[in-house]
Amino acid sequence: MLQEKYQSIFKCVESSDKDAVTCIKEVSEKFECPHNTALAIFMQIVQKKLRKISYLHSDQRVQSDYWKQFQCQADVSKETLYNLAKDIGLPPVMLAKIFIELNQTDKNLTSTYILRNIDVIQDKIFRDQVQFCLDHDDQFGPNIDLIKKSIGEEYELVLKDKLAFLNIPFKDENILREQGYDKTPDLLLTVPVAVGDNIINWIESKASFGDEYTHKQYLREQYWSYWNRFGPGLVIYWFGYVDELAEQTLDKGIIIKDHLPSNITTLI
């Protein structure tokens with residue numbers, strides 16, 4: 001996908017006031033991109049938006065005011081917390097998380113743990129409100145994290161199956177960590193292979209879309225570390241990427257694709 005097209009999608013999503021399902025469907029149809037690509041881009045834009053506005057809601061006085069608003073109407077409807085979050089522009093589970101942290105007295109229980117085990121919330125009205133948010137928030141929270149994790153594991157399994165079919169041996173990150181490595185790619189090839197004219201020693205699987213911001217972050221936090229330790233490698237963004245990014249690191253030994261290339265040549 002060209003950067004120009006990505007920017008058009010970004011503006012479309014950022015300015016949309018529709019729910020996630022409708023917005024993703026419209027993006028997929030308008031820009032003629034696969035549903036998974038539209039979904040991946042939508043979720044990345046949501047995360048960027050949250051990073052931009054999170055400071056507006058971080059002041060404890062502001063949070064206390066939200067809590068007072070919630071308490072005034074908490075017993076009116078089980079959707080009070082959900083609707084309040086929508087009114088102030090936060091994902092419902094994020095506001096629930098804020099309220100949990102605001103009122104939490106047991107320092108041994110983190111808000112993340114409580115959101116995954118809401119039975120520990122003693123106040124039934126608040127517990128039911130949090131449950132409603134967990135059930136209906138399509139942008140944030142442990143349920144979304146679980147879905148992302150599951151999709152990531154699914155595509156990594158697809159990659160392993162493809163390599164096994166091609167008789168290309170590898171070690172996954174679990175084996176590498178057992179051998180003492182800290183930062184590891186998803187797969188380290190036992191023997192290097194050639195992709196066209198390029199040699200690769202490792203493969204990183206990303207069940208996401210590769211935009212410039214995300215790719216630069218991964219380069220800084222992951223890819224360059226792999227490159228320094230293991231040499232050149234391949235990154236697969238299964239849901240597509242901004243085309244211009246592929247040229248930026250190709251000469252340095254990091255290839256970007258949205259699939260496992262067919263022109264792989266084993267070196268033994």
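Thresholds, definitions, all that
- Residues numbered from 1 in each chain as written.
- Predicted model: local features only at pLDDT ≥ 70, side-chain atom pairs only at ≥ 80, totals over all residues.
- Heavy atoms only, no water.
- Helix = DSSP H or I, 4+ residues; strand = E, 2+ residues; numbered from the N terminus.
- Buried < 20%, exposed > 50% of the residue type's maximum accessible area, 1.4 Å probe, protein only.
- Contact = heavy atoms within 4.5 Å.
- Phe/Tyr/Trp six-rings, centres within 6.5 Å; stacked < 30°, edge-to-face > 60°.
- Pairing = 2+ DSSP bridges.
- 1 Å grid on protein atoms, 1.4 Å probe; cavity = no way out; pocket = protein on both sides within 12 Å on 5 of 7 lines; lining within 4 Å.
- Points joined across faces, edges and corners; volume = space filled by probe spheres on them.
- Nonpolar A, V, L, I, M, F, W, Y, C, P; charged D, E, K, R; others polar.
- Axes fitted to C-alpha atoms, helices over the stretch in contact; angles between N-to-C directions.
- Parallel < 35°, antiparallel > 145°, perpendicular 65-115°, else oblique.
- Left-handed = near helix turned anticlockwise from the far one by under 90°.

(A) Seen up close, the overall build of the protein chain. If you tally the helices and strands in the protein chain, you get 12 helices and 6 strands. The dimensions of the protein chain, computed from C-alpha atoms along their principal axes, are 70 × 45 × 30 Å. Within the protein chain, the fraction of its 268 residues that count as buried is 43%. Counting contacts in the protein chain only where the partners sit at least 6 residues apart, residues at least 24 apart contribute 60% of the total.

(B) Region of the structure containing the packing of aromatic side chains. If you walk through the whole model with that rule in mind, you get 14 aromatic pairs. Centre to centre, the rings of Tyr6 and Phe10 are 6.2 Å apart; their planes meet at 55°, and the pair counts as tilted. Taken as a pair, Tyr6 and Phe10 lie in helix 1 (residues 3-15) at a separation of 4 residues, close to a single helical turn. Relative to Phe132, the ring of Tyr82 has its centre 5.5 Å away and its plane inclined at 90°; by these criteria the two rings are edge-to-face. With Tyr82 in helix 5 (residues 80-88) and Phe132 in helix 8 (residues 124-136), this pair connects stretches of sequence that are 50 residues apart. With respect to class, Tyr82 is no different from Phe132; both count as buried. In textbook terms, an aromatic cluster arises when at least three aromatic residues are bridged by ring pairs, as seen for Trp67, Phe70, Phe99 and Phe126.

(C) Local environment of unusual backbone geometry. If you check the backbone angles, Glu32 has positive phi at about 50° while not being a glycine. Looking at the element boundaries, Glu32 is found in the loop between helix 2 (20-30) and helix 3 (35-53). Non-glycine residue Asn167 carries a positive phi angle of around 60°. Mapped onto the elements, Asn167 comes out in the loop between helix 9 (142-165) and strand 1 (170-172).

(D) Examining the pairing of strand 2 (residues 187-195) more closely. Pairing between strand 1 and strand 2: 3 bridges, direction antiparallel. If you follow Lys171 over to strand 2, its bridge partner there is Leu188. In the sheet, strand 2 pairs with strand 3 (residues 198-206) via 5 bridges, with the strands oriented antiparallel. Bridge pairing in strand 3 links Val193 to Ile200. Connecting strand 2 to the next strand, strand 3, in antiparallel fashion are 2 residues, including Gly196 with a positive phi near 65°. For strand 2 and strand 6 (residues 264-266), the ladder comprises 3 bridges, and the chain directions are antiparallel. Bridge pairing in strand 6 places Val195 opposite Ile264.

(E) Inspection of helix 5 at higher detail. Where helix 5 is concerned, the buried positions are Thr80, Leu81, Tyr82, Leu84 and Ala85. Those residues of helix 5 that are buried are in contact with helix 4 (60-73), helix 6 (92-103) and helix 8. Immediately beyond the C-terminal end of helix 5, within one or two residues, lies Gly89, with a positive phi of roughly 85°.

(F) Quick peek at the layout of surface pockets. When its volume is computed, the largest pocket comes out at roughly 1,200 Å³. Together, 37 residues line the largest pocket, and Lys148, Lys149, Ala207, Ser208 and Tyr218 are the ones closest to its centre. Elements represented by at least two residues in the lining of the largest pocket include exactly helix 3, helix 9, helix 10 (173-178), strand 3 and helix 11 (212-230). A breakdown of the residues in the lining of the largest pocket according to their chemical character gives 12 nonpolar, 10 polar and 15 charged. As for the second largest pocket, its lining consists of 23 residues, of which Ser16, Lys18, Lys49, Lys86 and Gln139 are closest to the centre. Of all the secondary structure elements, the ones that give two or more residues to the lining of the second largest pocket are helix 1, helix 2, helix 3 and helix 5. A per-element tally of the lining of the second largest pocket places helix 3 first, with 6 residues. Of the residues contributing to the lining of the second largest pocket, the split by class is 11 nonpolar, 4 polar and 8 charged.

(G) Representation of the packing of helix 4 against helix 5. With their axes 10 Å apart at the nearest point, helix 4 and helix 5 run at an angle of 140° to one another. When the axis of helix 4 is compared with that of helix 5, the two are oblique. For the element pair helix 4 and helix 5, the recorded crossing hand is right-handed. Only Thr80, Leu81, Leu84 and Ile88 of helix 5 make contact with helix 4, whose side of the interface consists of Tyr66, Gln69, Phe70 and Gln73. The residue makeup of the contact of helix 4 with helix 5, split by class, is 5 nonpolar, 3 polar and no charged.

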